[in-house]
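Understanding the architecture of this molecule
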Amino acid sequence: MALRIGEIAPDFKAESTQGIVSFHRYVQNHWAILFSHPSDFTPVCTSELGMVAKLQVEFEKRNTKVLGISAGTLESHKRWIVDIEETQETTVNFPVIADPHKKVIHLYDMIHPFFSHTETIRSVFIIGPDKKIKSILIYPANTGRNFHEILRMLDSLRLTSVYEVATPANWEYGQDCLVLSGVKDEELATTFPKGFKILKPYLRTTPQPN
Ligand code: BEZ
């Protein structure tokens, strides 16, 4: 059964390039991103792990732990990381989970049999500090993920988990937000002290509230 937004991300214990990871304990009160790779020693995956390594400081600023996963063995991951660090000119300081028996991969429904019976698709699970799944993204093997978009989504998820706003199309951190329909017009001034605009009864904007 596929996982859905809002449910608790399944817990697991697995070997990784940074030691044994007990997932829920590892996440603690942080956000987390778990992203799968079809195979070790493949070009798109190599570029993706290099990009996440380069952006790790951005994930840390957002109180977020990143974890890669593929069906490779721990020994294979460790040899591959040497290549990633050499070719992508970075250091991989986050755990890459070794799941040769595909226990976690199946737990997270990362094998889509119409694509492949053996290799995972590229999935991304964004998980909140409450351990609930906040977002699921799925990409095919030949399309590398845009990790700037994943950071943008993380910014939106973190903001909208605290304030009564949503973020519009193509929103970037710092831009105006949309007021949730549950906020009454008479509550706008106190809820959004930075100001607000009423364009239509259902379309109200406010400067980013944080
Ligand atoms: C890649 O990372 O380049 C890749 C991996 C599996 C299938 C296709 C592409």
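None of the values given here were measured: they were computed from a predicted structure.

Cut-off values and rules
- Residues numbered from 1 in each chain as written.
- Predicted model: local features only at pLDDT ≥ 70, side-chain atom pairs only at ≥ 80, totals over all residues.
- Heavy atoms only, no water.
- Helix = DSSP H or I, 4+ residues; strand = E, 2+ residues; numbered from the N terminus.
- Contact = heavy atoms within 4.5 Å.
- Areas by Shrake-Rupley, 256 points an atom, 1.4 Å probe, with all protein chains shown as cover.
- Lys, Arg positive; Asp, Glu negative; His and termini not counted.
- Charge placed at Lys NZ, Arg CZ, Asp CG, Glu CD.
- Pairing = 2+ DSSP bridges.
- Buried < 20%, exposed > 50% of the residue type's maximum accessible area, 1.4 Å probe, protein only.
- Patch = residues over 30% accessible without salt bridge, like charges linked within 9 Å, V, L, I, M, F, W, Y side chains within 5 Å.
- Salt bridge = Lys/Arg side-chain N within 4 Å of Asp/Glu carboxyl O.
- Near = heavy atom within 4 Å.
- Polar contact = N/O pair within 3.5 Å; in protein donor to acceptor, adjacent residues only side chain to side chain.
- Nonpolar A, V, L, I, M, F, W, Y, C, P; charged D, E, K, R; others polar.
- Phe/Tyr/Trp six-rings, centres within 6.5 Å; stacked < 30°, edge-to-face > 60°.

So, about the overall build of the protein chain. For the protein chain, the count of helices and strands is 6 helices and 11 strands. Taking the principal axes of its C-alpha atoms as reference, the protein chain extends roughly 60 × 40 × 30 Å. The contacts of the protein chain with a sequence gap of at least 6 include a subset with a gap of at least 24, amounting to 64%. Of the roughly 10,900 Å² of accessible surface on the protein chain, 53% is carried by carbon and sulfur atoms. Charged side chains in the protein chain number 23 positive and 24 negative. The centres of these two groups are separated by 4 Å.

Attention now goes to the sheet that holds strand S8 (residues 165-166). Pairing is antiparallel across the open sheet formed by 4 strands, whose spatial order is S8-S9-S11-S10. The sheet terminates laterally at S8 and strand S10 (197-200), the two strands that pair on one side only.

Unusually for a residue other than glycine, lysine 102 sits at a positive phi of about 60°. As for its position among the elements, lysine 102 is in the loop between strand S5 (96-98) and helix H4 (103-107). On the basis of relative accessible area, lysine 102 is assigned to the buried category, the value being 19%. Even without a glycine there, the phi angle at asparagine 170 is positive, about 60°. Among the structural elements, asparagine 170 can be located in the loop between S8 and strand S9 (177-179).

Taken together, the side chains of Leu199, Tyr202 and Leu203 define a hydrophobic patch exposed on the protein surface, amounting to about 340 Å² of accessible area. Mapped onto the elements, leucine 203 comes out in strand S11 (residues 203-206). Assessed through its relative accessible area of 31%, leucine 203 is described here as partly exposed.

Taken together, Pro38, Thr42, Pro43, Val44, Cys45, Glu119, Arg122, Ala141 and Asn142 form the complete shell of residues around the ligand. Between the ligand and cysteine 45 there is a distance of 2.9 Å, counted from an oxygen atom to a backbone nitrogen or oxygen. For the ligand, an oxygen atom lies 3.0 Å from a polar atom in the side chain of arginine 122. Calculation on the ligand without its partners gives an accessible area of 260 Å², and the protein chains cover 84% of this total. Sorting elements by how many residues they give to the shell around the ligand places helix H2 (residues 43-61) first, with 3 residues. Classifying every residue of the shell around the ligand gives 5 nonpolar, 2 polar and 2 charged.

Here the structure, examined in full by the defined rule, presents 7 aromatic pairs. Relative to phenylalanine 23, the ring of phenylalanine 12 lies with its centre 4.8 Å away and its plane at 10°, an arrangement referred to as stacked. Of the two residues, phenylalanine 12 is situated in the segment before strand S1 (13-14) and phenylalanine 23 in helix H1 (residues 23-27); the sequence distance between them amounts to 11 residues. Here phenylalanine 12 matches phenylalanine 23 in class, with each residue buried. Relative to tyrosine 108, the ring of phenylalanine 12 has its centre 6.1 Å away and its plane inclined at 90°; by these criteria the two rings are edge-to-face. Note that phenylalanine 12 is positioned in the segment before S1 and tyrosine 108 in the loop between H4 and strand S6 (122-127), a separation of 96 residues in sequence.

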